[in-house]
Amino acid sequence: LPAGTLLTVRTKNPISAENPDANGTFEAMVDQPVVVDGNQLVPLGAMVSGRVESARASNLRRSIGYVRLTLESIHLDGANVPVQTSSLFVGGRAGLTPAPQSQVVRLERGRRLVFRLTEPVDVSAGQRPPADH
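Residues numbered from 1 in each chain as written. Predicted model: local features only at pLDDT ≥ 70, side-chain atom pairs only at ≥ 80, totals over all residues. Heavy atoms only, no water.

This structure, assessed with the given rule, holds one aromatic pair. Taking the centre distance of 5.6 Å and the plane angle of 55 degrees together, the rings of Tyr66 and Phe89 count as tilted. Linking Tyr66 in strand 7 (residues 64-76) with Phe89 in strand 9 (residues 88-96), this pair joins segments that are 23 residues apart in sequence. For Phe89, a relative accessible area of 53% translates into the label exposed. (Phe/Tyr/Trp six-rings, centres within 6.5 Å; stacked < 30°, edge-to-face > 60°. Helix = DSSP H or I, 4+ residues; strand = E, 2+ residues; numbered from the N terminus. Buried < 20%, exposed > 50% of the residue type's maximum accessible area, 1.4 Å probe, protein only.)

Here you go:
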């Protein structure tokens, strides 16, 4: 996959991140297959793993916040293929946790996100050879 390729995913579970440094992980599924030169290199439904790099609640509107996300790997044919993507800033809902009082930013399950690869990725390592006919 060349650098600049877009990976469209949908979150598998809600994402909750606390201020100031979240450093949590999340899982998502590929929501749109990646096709290069007529070859499907990443199928619909492939699992991806990502990282929450940070989270912030708005100082102006208490119910609004954002998380900064990146993808770390794509699961292809039993192997995790490492990827590097640009950071994605995603708006979400912010609220206070009961104890201790801290801001949490939440993204709903099924949120569609689009990441851009910053480095090329060799997906052949995760692909099986075609079956003999």
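A word on the pairing of strand 7. Relative to strand 7, strand 6 (residues 47-57) is paired through 10 bridges, and the arrangement is antiparallel. Counterpart to Ser49 in the pairing with strand 7 is Ser73. Both strand 7 and strand 8 (residues 79-82) contribute to a ladder of four bridges, which runs antiparallel. The residue bridging His75 from the neighbouring strand is Asn80, located in strand 8. In this structure, the hairpin formed by strand 7 and strand 8 is closed by a connection of two residues, where Asp77 is found at a positive phi of approximately 45 degrees. (Pairing = 2+ DSSP bridges.)

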